[in-house]
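Chain by chain, the residues run as shown.
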There are 2 protein chains.
Amino acid sequence: MGDKLELKFDDKGLITAVVQDDETHDVLMVGWMNEEAVRKTLQTGRTTFYSRSRGKLWVKGEESGHVQAVKSVRVDCDQDALLIGVEQTGGACHLGYRSCFFREVDRKGNMRILAERLFDPDEVYGKGE
Amino acid sequence: MGDKLELKFDDKGLITAVVQDDETHDVLMVGWMNEEAVRKTLQTGRTTFYSRSRGKLWVKGEESGHVQAVKSVRVDCDQDALLIGVEQTGGACHLGYRSCFFREVDRKGNMRILAERLFDPDEVYGKGE
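Every value quoted in this text rests on a predicted model; they were computed, and no experiment measured them.

Visitor: Quick rundown of the relation of the copies chain B and chain A? Include the residues and the values.
Guide: In the superposition of chain B on chain A (RMSD 0.0 Å, axial shift 0.0 Å), the rotation amounts to 180°. The superposition of one copy onto the other is thereby described by a two-fold rotation axis. When each C-alpha of chain B is compared by its distance to the rotation axis, His25 of chain B comes out closest, at 2.8 Å. Residue by residue, 100% of the interface of chain B is reproduced at the interface of chain A, so both copies engage with the same surface.

Visitor: Run through the sheet that holds strand E1 (residues 15-21) of chain A, naming residues and quoting values.
Guide: The strand order E2(A)-E1(A)-E6(A)-E5(A)-E7(B)-E8(B) describes an open sheet built from six strands, whose pairing is mixed. Of all strands in the sheet, those bounded by a partner on one side alone are strand E2 (27-33) of chain A together with strand E8 (111-113) of chain B. For this sheet, the mean inter-axis angle between neighbouring strands, taken without regard to orientation, is 30°. Where strand E5 (residues 68-75) of chain A lies against strand E7 (residues 103-105) of chain B, two bridges are found, and the strand directions are antiparallel. Opposite Arg74 of chain A, over in E7 of chain B, you have Glu104 of chain B as the bridge partner. Strands E1, E2, E5 and strand E6 (81-88) of chain A of the sheet are contacted by helix H1 (residues 35-44) of chain A, whose axis makes an angle of about 130° with E2 of chain A.

Visitor: I'd love a proper account of the nonpolar core, names of residues and values included.
Guide: With 56 residues, the main nonpolar core has Val18 and Leu82 of chain A together with Val18 and Leu82 of chain B as its most contacted residues. Sequence-distant contacts of Val18 of chain A, that is, excluding residues within four places in its chain, are made with Val27, Val30, Ala81, Leu82 and Leu83 of chain A together with Val18, Val27 and Val30 of chain B.

Visitor: Would you mind going over the interface of chain B and chain A in detail, with residue names and values included?
Guide: Of the residues lining the interface, 34 residues belong to chain B; the matching set on chain A comes to 34 residues. Those elements that place two or more of their residues in the side of chain B that touches chain A are strand E1 (15-21), strand E2 (27-33), helix H1 (35-44), strand E5 (68-75), strand E6 (81-88) and E7 of chain B. By residue number, the principal contributor to the side of chain B that touches chain A is E5 of chain B, which donates four residues. Classifying every residue of the side of chain B that touches chain A gives 18 nonpolar, seven polar and nine charged.

Visitor: Can you lay out H1 of chain B for me, pointing to particular residues and giving the numbers?
Guide: Residue and element names in this part refer to chain B. By the burial criterion, the buried members of H1 are Ala37, Val38 and Thr41. The buried side chains of H1 occupy one side of the element, clustering within an arc of 105° when seen end-on. In H1, the exposed positions angled more than 90 degrees off the buried face are occupied by Glu36 and Gln43. Buried residues along H1 sit in contact with E1, E2, strand E3 (48-51), strand E4 (56-59) and E5. Just beyond H1, the residue with positive phi is Gly45, at close to 75°.

Visitor: Give a detailed account of unusual backbone geometry, specifying residues and quantitative values.
Guide: All names here are of chain A. Notably, His25 is not glycine yet its phi reads approximately 70°, a positive angle. Examined against the element boundaries, His25 turns out to sit in the loop between E1 and E2. The exposure class of His25 is partly exposed, given the 14 C-beta atoms found within 10 Å.

Criteria and thresholds
Residues numbered from 1 in each chain as written. Chains lettered and ligands numbered in written order. Predicted model: local features only at pLDDT ≥ 70, side-chain atom pairs only at ≥ 80, totals over all residues. Least-squares fit on C-alpha atoms with pLDDT ≥ 70 in both. Contact = placed C-beta atoms within 7 Å. Pairing = 2+ DSSP bridges. Helix = DSSP H or I, 4+ residues; strand = E, 2+ residues; numbered from the N terminus. Axes fitted to C-alpha atoms, helices over the stretch in contact; angles between N-to-C directions. Core = buried A, V, L, I, M, F, W, Y, C linked by C-beta atoms within 7 Å. Buried ≥ 20, exposed ≤ 12 C-beta atoms within 10 Å, placed from the backbone. Nonpolar A, V, L, I, M, F, W, Y, C, P; charged D, E, K, R; others polar. Arc of directions from axis to C-beta.

Have a look at this one:
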């Protein structure tokens, strides 16, 4: 892993990471990784992201226990996006849903919720969140 | 559609768009949309993206005929990513594959091709590409 990763990071040093349920193929979330996050994800087998708002790495599930065990990592033709196949414990979304994509947008731009909450985010992440 | 879209565009006015096969749930590609591209995608039922390198809108399949008919549009919890379910004609990837994610990355960062080419990109896009 001292090798150079053949990936294209953007002008902020980040790459888009799409996380997909390895069994159902549902897309669970989209996150961002810097080179260190990619290396940690590959080395540890747990998804690790870079938080643009907090400016630091975070391991998915470090607070909630809702970890993502990495089953596969794919890269796209332009080498500027990753597709991570995972086994998701609990829900991927911090609002309590299995997938962050729990709302549909209609042709007029209106949104409606498609999914049921799996858990109460206040209980999992604490009232202060 | 004069309504304001409740989406969060980044500092370049763009949002990440993940395109997924509506039937197989395979992730086909990741693109970028500005507000106009989102509106055109919703209005026309054909995916329209913003090319960061060319600085203009493009309709997927306008050159290759490999269009994407929009079946659903979802938005994530942070409203900064879209998931577009499509019926894909031909292949999504300009290199000739069904999906742009045709390579796997192993734990050491090495890549290997997983998929077979569907078409010869020279024939579809012309030798000059």
